[in-house]
Amino acid sequence: MAKVTIPLLLKDVTDGAREAEVDGATLREVVAALDVVYPGIGRRICEGEKISPNLAIVVDGKIAAEGLSTQVGPEAHVALLPAFGGG
């Protein structure tokens, strides 16, 4: 199972939980599995078929460049991070 780190900005959907372990071979499947555990979290992570611009997702230390199609290994660490902006 992939271990998912959940940021504080989603704590209202997870009742304060900051981690979850879910199955999924892609980020799309991981998000769907998270949405079963924490209903409504999928809408906060995704906008349609894309990752929300408010979040960045890192899989095993690398930005998920392929978006929701990014492969996730069975022992992967997935981190949902607040997006950083500035200039």
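Treat the numbers as computed from the prediction; the structure is a model and nothing was measured. (Residues numbered from 1 in each chain as written. Predicted model: local features only at pLDDT ≥ 70, side-chain atom pairs only at ≥ 80, totals over all residues. Heavy atoms only, no water.)

Undergrad: A description of the sheet that holds strand 6 (residues 62–63) should follow, citing residues and the corresponding values.
TA: Taken in spatial order, the five strands make up an open sheet running 2-1-7-5-6, and their pairing is mixed. Strands with a single pairing partner mark the edges of an open sheet, and in this sheet they are strand 2 (19–22) and strand 6. Relative to strand 2, strand 1 (residues 2–5) is paired through four bridges, and the arrangement is antiparallel. Within strand 2, the position partnered with valine 4 by the bridge is alanine 20. Against the sheet, helix 2 (residues 27–37) contacts strand 1, strand 2, strand 5 (55–59) and strand 7 (77–82), and its axis sits at roughly 115° relative to strand 2. (Pairing = 2+ DSSP bridges. Helix = DSSP H or I, 4+ residues; strand = E, 2+ residues; numbered from the N terminus. Contact = heavy atoms within 4.5 Å. Axes fitted to C-alpha atoms, helices over the stretch in contact; angles between N-to-C directions.)

Undergrad: Go over the pairing of strand 1 with me, naming the residues and quoting the values.
TA: By the alternation rule, side chains of strand 1 split into Ala2 and Val4, which are all buried, and Lys3 and Thr5, of which none is buried. Here strand 1 runs beside strand 7; their pairing, made up of three bridges, is parallel. Each bridged residue has a counterpart across the sheet, and for valine 4 the counterpart in strand 7 is valine 78. (Buried < 20%, exposed > 50% of the residue type's maximum accessible area, 1.4 Å probe, protein only.)

Undergrad: For the nonpolar core, give the residues involved together with the corresponding values.
TA: Val4, Leu27, Leu34, Ile45, Val72, Val78 and Leu80 are the most contacted members of the largest nonpolar core, which has 25 residues in total. The set of elements that each furnish at least two residues to this core consists of strand 1, strand 2, helix 2, helix 3 (41–45), strand 5 and strand 7. Take this core: its biggest share by element is five residues, from helix 2. (Core = buried A, V, L, I, M, F, W, Y, C linked by side-chain atoms within 4.5 Å.)

Undergrad: How would you explain the side chain of threonine 70 if you had to name every residue and give the values?
TA: For threonine 70, the position within the fold is in the loop between strand 6 and strand 7. Owing to a relative accessible area of 11%, threonine 70 belongs among the buried residues under this scheme. One polar contact links the side chain of threonine 70 to the main-chain amide nitrogen of glutamate 66, over a distance of 3.4 Å. Engagement of the side chain of threonine 70 in a polar contact is seen with the backbone oxygen of glycine 67, the distance being 2.8 Å. Among all residues touching threonine 70, those that are not within four sequence positions of it are Ala25, Thr26, Leu27, Val59, Ala64 and Ala65. (Polar contact = N/O pair within 3.5 Å; in protein donor to acceptor, adjacent residues only side chain to side chain.)

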